[in-house]
Amino acid sequence: GAMSPSRFARTMHTRYAAQWQVDTFRRLVCGLPDRDKPGRLIVCWDDHDFAWNNSLGQGPQEHPNAVPRQVRDISRRLFEQFVRQLRTGAPSADYPSLPADVLQPWAGDGVGESGQIGGGVFAYQLLDNRWARTERRIRRETALGTQERQGQMLEGHALEQLKTRLGQSQGLLVVLGGTPMAHDHLLSEQSWHSQAEGDYAEYRQVLEAARRPVLYLAGDVHHNVWGGRLAHPDTGKASRVVQVLSSGAALDRYKVVRFEPSYGVLELPDSPGAALAGEVVLRLWEQQDKGSWEPSLPVPRLRYGASDWTGDLEGAAAAIDDGPPDEQPLAALVCRPRFAAHRLD
């Protein structure tokens, strides 16, 4: 049966507390200098932090992945508690108890924010890809027949703020989100752009609005991906948006697909005028079977100017070659429950 709001709150709180109790994670976070200052520790969420797999923050409520308003408010309040603990909690401190007002309505909106990073030199924008998200195509049966419109990824004010910043030729802009803008997923289509299922409207809007070099950082895919410049789906023209994906929060639990622990490191220059011209150093790392960490993908030099990237960034980097291709055919059967109770487990 369906999980009650109070049980959902207790379950989510228990998982946040368990994450804080991981010693290596806690020491890493608490070791960050000035982690309580704006722009020092930026935390994003995605579906499994927000609710369940492939969750949608906006209805219709009959959709199997839709998150009810009360559940959405509970998630927001517990996420706020977790971020506050990451920014201010002492390394030896226990995780705080479940908030007394956890079942009360949340007055705000999603987790988006903006500011400056790199010593106040570079602008960044954090996007919430779940709070206002709908299904990709919204279909309604009316007296006039079936009507369809594109779904939304972002709330209106968040999109307008982003487009304003994109339109300013003021050098590098770092944009962070939970969901890839463009990626070929194995088991679902969670990116903004999908060749098979169409696009969210914001995908074209972001690519067309960019008048400055944009570095989009996201996760969700459980490994490292260097995407290069994203191309406009209609014209094929390369945009000013460069995408890099890195996420190591995955269990090696699939028999056909193996997820290697991975992470990325981004180094921003600190020279005078670095916001308008310079070079970003990006490194992607992957853990090998024997435990050693090795570079996972080659990344070109990410040079930028006030209004665009400079140098050759076209195309996606190739995976590391591990030998000649195997010509034997391979068939893979992936069974995945789609009934409503699955999202509560």
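The preceding data block contains the structure.
Residues numbered from 1 in each chain as written. Predicted model: local features only at pLDDT ≥ 70, side-chain atom pairs only at ≥ 80, totals over all residues. Heavy atoms only, no water.

### Points about the overall build of the chain
Our working rule: Working definition: helices are DSSP H or I runs of at least four residues, strands are E runs of at least two. Numbering for both runs from the N terminus. Only protein chains enter the accessibility calculation, which uses a 1.4 Å probe; a residue whose area is less than 20% of its type maximum is buried, one above 50% is exposed, and one in between is partly exposed. Whether two residues touch is decided by their heavy atoms; if any such pair falls within 4.5 Å, the residues are in contact. All accessibility values rest on the Shrake-Rupley procedure with a 1.4 Å probe; residue burial counts only the protein chains present in the view.
The number of helices and strands found in the chain is six helices and 15 strands. Buried positions account for 43% of the 345 residues belonging to the chain. Considering only residue pairs separated by 6 or more positions, the chain has 68% of its internal contacts joining residues 24 or more positions apart. Taken as a whole, the chain presents about 18400 Å² of accessible surface, with 51% of it coming from carbon and sulfur.

### Some remarks on the pairing of strand β2 (residues 122–126)
This is how it is decided: Criterion used throughout: strands pair if DSSP finds at least two bridges between them.
Within β2, five of the five residues are buried, which leaves the element mostly enclosed by the surrounding structure. Both faces of β2 are covered, namely the face carrying Phe122, Tyr124 and Leu126 and the face carrying Ala123 and Gln125. Bridging between strand β1 (residues 113–117) and β2 involves five bridges; their strand directions are antiparallel. The partner of Gln116 across the bridge, within β2, is Ala123. Linkage of β1 to β2, two consecutive antiparallel strands, is achieved through a turn of four residues, within which Gly118 is found at a positive phi near 65°. Across four bridges, the pairing between β2 and strand β5 (residues 173–176) is parallel. Bridge pairing links Leu126 to Leu176 in β5.

### Considering the sheet that holds strand β10 (residues 238–245)
Rules: Axes, fitted as lines to C-alpha atoms, cover a helix only where it is in contact. Angles between the N-to-C directions of the axes lie from 0 to 180 degrees.
A sheet is described by the order of its strands in space; here six strands give the open sequence β1-β2-β5-β8-β10-β9, paired in mixed fashion. With partners counted over all chains shown, the strands left at the sheet margins are β1 and β9 (225–231), one partner each. With strand direction ignored, the average angle separating the axes of adjacent strands in the sheet is 25°. Across the sheet, helix α5 (residues 156–166) is in contact with β1, β2, β5 and β8 (214–218); its angle to β2 comes to roughly 155°.

### Focus: the packing of helix α1 (residues 5–20) against helix α4 (residues 69–88)
Test applied: Any angle between 65 and 115 degrees counts as roughly perpendicular, while under 35 counts as roughly parallel, over 145 as roughly antiparallel, and the rest as oblique. We call a crossing left-handed when the near helix sits turned anticlockwise from the far one by less than a right angle, and right-handed when that turn is clockwise. Ten residue types, Ala, Val, Leu, Ile, Met, Phe, Trp, Tyr, Cys and Pro, are classed as nonpolar, four, Asp, Glu, Lys and Arg, as charged, and the remainder, Gly among them, as polar.
The geometry of α1 relative to α4 is characterised by a closest axis approach of 10 Å and an angle of 20° between their N-to-C directions. Accordingly, the angle class assigned to the pair α1 and α4 is roughly parallel. You can see that α1 and α4 cross each other, and the crossing is right-handed. Only Gln70, Val71, Ile74, Ser75, Leu78, Phe79, Gln81, Phe82, Gln85 and Leu86 of α4 make contact with α1, whose side of the interface consists of Pro5, Phe8, Ala9, Met12, His13, Tyr16, Gln19 and Trp20. Partitioning the contact of α1 with α4 into residue classes produces twelve nonpolar, six polar and no charged.

### Let's talk about the side chain of His183
Summarising the element assignment, His183 is placed in the loop between β5 and β6 (193–194). For His183, a relative accessible area of 16% translates into the label buried. Setting aside anything within four residues of it in sequence, one finds His183 in contact with Glu189, Ser191, His193, Val221, His223, Val225 and Leu245.

### As for the environment of Glu279
Put simply, the rule is: For this analysis, a polar contact is any N or O atom pair within 3.5 Å, provided that within protein one partner can donate a hydrogen and the other can accept it, and provided that sequence-adjacent residues contribute only side-chain to side-chain pairs.
Structurally, Glu279 can be placed in strand β12 (residues 278–287). Owing to a relative accessible area of 24%, Glu279 belongs among the partly exposed residues under this scheme. It is 4.2 Å that separates the C-alpha atoms of Glu279 and Arg303, two residues lying 24 residues apart in sequence. Beyond its immediate sequence surroundings of up to four residues, Glu279 is in contact with Glu267, Pro269, Arg301, Leu302, Arg303 and Tyr304. Here the side chain of Glu279 touches Arg301 through a polar contact of 3.1 Å, side chain to side chain. In this structure the side chain of Glu279 is engaged in a polar contact, spanning 3.4 Å, whose partner is the side chain of Arg303.

### Some points on the packing of α5 against helix α6 (residues 201–209)
The contact between α5 and α6 brings their axes to 9 Å, and the two run at 25°. The angle between the axes of α5 and α6 places the two elements in the roughly parallel class. In this structure, α5 meets α6 at a crossing whose hand is right-handed. Two secondary-structure elements touch here, α5 through Leu159, Leu162, Lys163 and Leu166 and α6 through Glu202, Gln205, Val206 and Ala209.

### What to know about α4
Given 3.6 residues per turn, any residue in an α-helix points the same way as the ones three and four places further on. The criterion, for reference: Take the residue count of a helix, subtract one, and multiply by 1.5 Å to get its expected span.
With 20 residues, α4 should cover 28 Å at 1.5 Å per step; its first-to-last C-alpha distance of 29 Å lies within 8% of that length. The buried fraction of α4 is high, at 14 of 20 residues.

### Some details on the pattern of salt bridges
Rules: A carboxyl oxygen of Asp or Glu within 4 Å of a side-chain nitrogen of Lys or Arg is what we treat as a salt bridge.
For the coordinates displayed, the defined rule picks out 17 salt bridges. Notably, a salt bridge pairs Arg301 with Glu279, separated by 3.1 Å at the nearest N-O pair. With Arg301 in the loop between β13 (293–295) and β14 (302–304) and Glu279 in strand β12, this pair connects stretches of sequence that are 22 residues apart. Relative accessible area serves as the criterion here: at 51%, Arg301 is assigned to the exposed category.

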